[in-house]
Structures are given as C-alpha cells and as structure tokens.
Amino acid sequence: MNGSVLLLLPMILPFIFGLIIGFQKEEKQRNILVFIAMAVEAALVWYLCSGEMQTFVLWRISDRLALVYKTDGLARFFACLISTIWLIAAVFSMEYMKHEHKPARFFMFYTFSLAALMSLCFSENMMTMYLSYEFMTILTAPLVIHTGTPEATRAGLKYLGYSFFGAGLGLMGFFFLNTYCRTTIFMPGGTLDMAMVAGHENLLLVVFFLMALGFGCKAGMFPLHAWLPTAHPVAPSPASAVLSGIITKGGIIAIIRVTYYLFGVDFLRGTWAQTALLVLSIVTIFMGSMLAYKEKLLKKRLENLDGRRSCTLECRLADVQLSLAEYDRAEKTLEELTARWPQREAPWMLCLRLAAALRDGEAIQKTLRQIEEKEVYLSAKGREIVRFWQGKQQ
C-alpha cells in the first residue's frame, strides 16, 4: 500500500457503520447511528475533495492490474454529490421505514451501497471501476427485494440479470482495452495506442458501443432499460429514490470514464458509434417522456417518470377518506394497499381503524389474523395497537 490512506476511509467507514446498524434493534439508536454514519461520510468526502489531488494504491498485481483510488475532478464532483444526497435521503428514510419490516437490514445495505458508490467514484483505473461496479450491483439488490414478496424477488432477479449482463459487456471491453491502450489508468483525452489501433478502428468502435450499451443498462438507457419499471415500484420509496437518483448515475460515471478517459473524444468524434450512442440517449429520453405524457392522471405520470408508487401517499389518502367518513372509498383503497404491500404496517393499522369505525368485530378479528399470518413487521406503537384490540376481542 502507498499513498494517502485517508482515501480508503470513504469505502471502509460505511461497512463498519453498516455492520453496527444491522444488529441495532432499537429504532431511536439505529436512526442516530444512520445519521452519524451519513454525516461523517459526507464530511469526510467533502474534506478529501477540497484539498489537493490524492492517490492511494490498495493492491497492485502489475501496471495494468491494480486497485487504485484517486480524487480527480470527476471523482470529486460525483462523490460530493452522492454523499450529500445519500445523507438527505437517509433522513427521509428514517420516518418512512417506521412502517416497513426489517428496517435494520434495509439501513445496513443502504450504508453498504454508499461504500460501493464511493469506490466507483474514486476509481483510478478500469479494473477498480469494474469491481466497484459489480459490488454496487450486488449490494443494492437487497434494497430492491427488501419487501420479500414474490413480485419483489422477480424484480430483484431481473435487476441482477440485466446488471450482470451489462457489466459483462464492460468486462469484455476491458480485455480489448488492455491490449490497445497504453494504460488502463483513466487519463483525460484517452489512452489508446494509435499505432496498435491502426487498421482496427472499426473493431474498437464496436467495443466502445458495446461497453457504452452495457454500462448504460445501469443508467436505464434503451434498450437495456426494462429492469427500471419492474424494480422501482416494488422497492421501498427510499430505495427507489436512490435507485433512480443515484444508482443510475453509476452507469453515467462508467460511460464518462470509458468515453473521455480511455477511448478519447478525438477517436470517437464523428464516428457511427458516437451517433448511435446519441440516438439511443434521445430515444430513452423521448420514450420515458411520452409514456408519462400519455397518462391523464398525475399519479400515473409520476409512476412513469420515477418508476414507483408511494405507499405513504396511498395511506394518507385512506386516512383522509376515513376522516371524512367515506368508508366505502377507504375500504377499496385499503384493499389495494394490503394487496400491493402486504407486509407493511400502516395499511393494516388503517384497516383496524376502519373496522372500529364500522363497529365490525368480525373485521377486526380477520385483520388481526391477517397481520399474524402475513408476518407484518410492527413498530412499538403498532404492537401496542394490536395488543389493545386482541384484549378487546377476548
């Protein structure tokens, strides 16, 4: 090892905090730990990025195969952006996860994912970036399948399948670049050895296009975008927020590195590969916008734009309907809620409230049985409410 060991801390600290958070059962203490972890990480990243450029060599096999981190301009921009947004999203997550089951597990992988993203941002070469990219996929998958429903499991497998396929295209490109580049260290302007490239220009353009297509999968670029509308709706809203707002940017970072720091703009300018990438980008933007535009309801427009429906918003709707004594409408809303999010606490608490308002003892008993059968995670307040109604029934 050599270089500034401080550069390794943004990757190590989230793992340490994540392990502690994962075994913390008390909600208040866990939330405090999550906030401290995110705040310390953001402060550390901003400190590292505000000083001189630093490099840290973690492990070196050869000149082309090494795990190295560096705080260049691109790394500083994305690292500061991601760490700040991750902190803000964590604050929102604390309130939201009160109504979710297994919040400790969620926050553990939420913190782990930040470590993978920091590793991706600070990667100095292709090998480090590829390994960080794969770790990012593995560590964010539990956020997608967190609810544990069959739908979430299928979405998680789809997310992994698309992500691994895209990363495989990137790995294939790495093998070629290892031959045709002077070095696989990211350098502005590219590192292609033009003497070796001569006569193989079309081959390298195909390699670039496939790499951009593969890394573009994570960014939701057409045609490898199908995992997005499947994964986002089933994930908890905080996970969906970072998936669409941050994780997709991991693919953007990889595309920028490959385009500007390995191939170079001089090699790509005016080629069919450049045109094809621009066309796919435009198609992606246009297609998403049109899918949203054709919907008449604002809520469905938002589903197409960010790929998720908020259980919290639906619960608030049911709460308003109950407050206005619109019991028929509330019943229909709650039927949809419990079908879509069967393991979340808030819909079932509203079901008990509806049954109590209707003075329907059988409905209360049925709801209590369903809460037990579906193994709904209950907060301290939720357990108190359930015990109250169980005592009433006895």
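Residues numbered from 1 in each chain as written. Predicted model: local features only at pLDDT ≥ 70, side-chain atom pairs only at ≥ 80, totals over all residues. Heavy atoms only, no water.

Help me out: how do you make sense of the overall build of the protein chain in this one?
The helix and strand tally for the protein chain stands at 18 helices and three strands. The dimensions of the protein chain, computed from C-alpha atoms along their principal axes, are 85 × 45 × 30 Å. Counting every position in the protein chain, which comprises 394 residues, the buried fraction comes to 51%. For the protein chain, long-range pairs separated by at least 24 residues make up 73% of all intrachain contacts whose partners lie at least 6 apart in sequence. Positive and negative side-chain charges in the protein chain, numbering 38 and 31 respectively, have mean positions lying 1 Å apart. (Helix = DSSP H or I, 4+ residues; strand = E, 2+ residues; numbered from the N terminus. Buried < 20%, exposed > 50% of the residue type's maximum accessible area, 1.4 Å probe, protein only. Contact = heavy atoms within 4.5 Å. Lys, Arg positive; Asp, Glu negative; His and termini not counted. Charge placed at Lys NZ, Arg CZ, Asp CG, Glu CD.)

What am I meant to see in the nonpolar core here?
Generally speaking, soluble globular proteins have nonpolar side chains that are buried together. Ranked by internal contacts, the top residues of the largest apolar core, which has 96 residues, are Ile82, Trp86 and Phe263. With residues near it in sequence (within four places) discarded, Phe263 still touches Leu177, Gly189, Gly190, Leu192, Leu204, Val207, Phe208, Met211, Val258 and Leu268. (Core = buried A, V, L, I, M, F, W, Y, C linked by side-chain atoms within 4.5 Å.)

Help me understand unusual backbone geometry, please; the structure alone is not making it clear to me.
Trans is the common state for peptide bonds, and a negative phi is the common state for residues other than glycine. Here the bond from Phe222 into Pro223 is cis, since omega is 10 degrees, no more than 30 degrees from zero. Structurally, the position occupied by Pro223 is in the loop between helix H8 (201–218) and helix H9 (227–234). Not every positive phi belongs to a glycine, and Ala325 is a case in point at roughly 60 degrees. Relative to the helices and strands, Ala325 resides in the loop between helix H14 (311–323) and helix H15 (327–340). On the basis of relative accessibility, which here comes to 43%, the residue Ala325 falls in the partly exposed class. The backbone phi angle of Arg359 is positive, close to 55 degrees, even though this residue is not glycine. Checked against the element boundaries, Arg359 lands in the loop between helix H16 (345–357) and helix H17 (361–373). Accessibility expressed as a relative area gives 78% for Arg359, which makes it exposed.

Which parts of the structure should I look at to understand the packing of aromatic side chains?
We describe a pair of aromatic rings using the distance from one ring centre to the other and the angle between the two ring planes. Considering all chains together, one arrives at 14 aromatic pairs under this definition. Centre to centre, the rings of Phe388 and Trp389 are 5.2 Å apart; their planes meet at 80 degrees, and the pair counts as edge-to-face. Taken together, Trp86, Phe106, Phe107 and Tyr110 form an aromatic cluster joined through their ring pairs. Its guanidinium or amino end placed over the ring of Tyr133, Lys218 lies 5.4 Å from that ring's centre, counting from NZ or CZ. (Phe/Tyr/Trp six-rings, centres within 6.5 Å; stacked < 30°, edge-to-face > 60°. Lys NZ or Arg CZ within 6 Å of the ring centre and 35° of its normal.)

What should I look at first to understand the packing of helix H1 (residues 9–22) against helix H2 (residues 27–50) in this one?
Helices that pack against each other are described as a pair by the angle of their axes relative to one another and the distance between those axes. H2 packs onto H1 with a crossing angle of 180 degrees between their chain directions and a minimal axis gap of 10 Å. Viewed along their axes, H1 and H2 adopt a mutual orientation that is roughly antiparallel. Facing H1, whose interface residues are Leu9, Pro10, Leu13, Pro14, Phe17, Ile20 and Ile21, H2 presents Arg30, Leu33, Val34, Ile36, Ala37, Val40, Glu41, Leu44, Val45 and Leu48. The residue makeup of the contact of H1 with H2, split by class, is 15 nonpolar, no polar and two charged. (Axes fitted to C-alpha atoms, helices over the stretch in contact; angles between N-to-C directions. Parallel < 35°, antiparallel > 145°, perpendicular 65-115°, else oblique. Nonpolar A, V, L, I, M, F, W, Y, C, P; charged D, E, K, R; others polar.)

What is the right way to read H17 from this model?
For the α-helix, the turn length of 3.6 residues means that residues three or four positions removed from each other point alike. Here H17 contains 13 residues, and its C-alpha end-to-end distance of 18 Å stays within 8% of the 18 Å for a straight helix at 1.5 Å per residue. Every buried residue of H17 is accounted for by Ile364, Thr367, Leu368 and Ile371. The buried residues of H17 occupy an angular sector of 100 degrees when the element is viewed end-on, so they sit on one face. For H17, the exposed residues set more than 90 degrees away from the buried face come down to Glu362 and Glu373. Regarding H17, its N-cap is Asp360, as a side-chain oxygen of that residue lies 3.2 Å from the backbone nitrogen of Glu362 further along. Phi turns positive, to about 55 degrees, at Glu375, one or two residues after H17. (Expected span 1.5 Å × (residues − 1). Arc of directions from axis to C-beta. Polar contact = N/O pair within 3.5 Å; in protein donor to acceptor, adjacent residues only side chain to side chain.)

Would you mind going over the pairing of strand S2 (residues 55–60) with me for this structure?
One face of the sheet, then the other: side chains in a regular strand alternate in exactly this way. As paired strands, S2 and strand S3 (residues 66–70) are joined by five bridges and run antiparallel to one another. When the bridges of S3 are listed, Thr55 appears paired with Lys70. Joining the antiparallel neighbours S2 and S3 is a turn of five residues. (Pairing = 2+ DSSP bridges.)

I would appreciate a short explanation of empty space enclosed by the protein in the present structure.
Empty space among the atoms can be located by rolling a probe the size of a water molecule over them. Applying the stated criterion across every chain yields a total of three cavities of 30 Å³ or more. Empty space within the largest cavity amounts to approximately 60 Å³. Lining the largest cavity are Thr147, Thr149, Glu151, Pro233, Val234, Arg340 and Trp341. (1 Å grid on protein atoms, 1.4 Å probe; cavity = no way out; pocket = protein on both sides within 12 Å on 5 of 7 lines; lining within 4 Å. Points joined across faces, edges and corners; volume = space filled by probe spheres on them.)

I tried to follow the confidence of the model for the protein chain on my own but got confused; where do I start?
Caution applies to low-pLDDT parts of the model: their predicted coordinates are not meant to be read in detail. Residues with a pLDDT of 70 or more make up 93% of the protein chain, whose mean pLDDT is 85. The lowest-confidence element of the protein chain is helix H13 (residues 298–306), averaging 45 in pLDDT; the highest-confidence one is H8, averaging 92. Below pLDDT 50 for its whole length, residues 297–309 participates in 28 contacts with residues either more than four positions away or in separate chains. (pLDDT = per-residue confidence, 0-100.)

In this structure, what is going on with the pattern of salt bridges? I would like to understand it.
Pairing between side chains of opposite charge can happen when their charged atoms approach one another. This structure, assessed with the given rule, holds four salt bridges. Between Asp72 and Arg257 there is a salt bridge, with the nearest N and O atoms lying 2.7 Å from each other. Taken as a pair, Asp72 in the loop between S3 and helix H3 (73–96) and Arg257 in helix H10 (residues 237–263) lie far apart in primary sequence, 185 residues in all. Its relative accessible area of 13% is what places Asp72 among the buried residues. A salt bridge links Asp319 to Arg353; its shortest N-O distance comes to 2.3 Å. You can see Asp319 sitting in helix H14 and its partner Arg353 sitting in helix H16, a full 34 residues away along the chain. What makes Asp319 partly exposed here is its relative accessible area of 30%. Exposure remark for Arg353: the relative accessible area of 34% places this residue in the partly exposed category. (Salt bridge = Lys/Arg side-chain N within 4 Å of Asp/Glu carboxyl O.)

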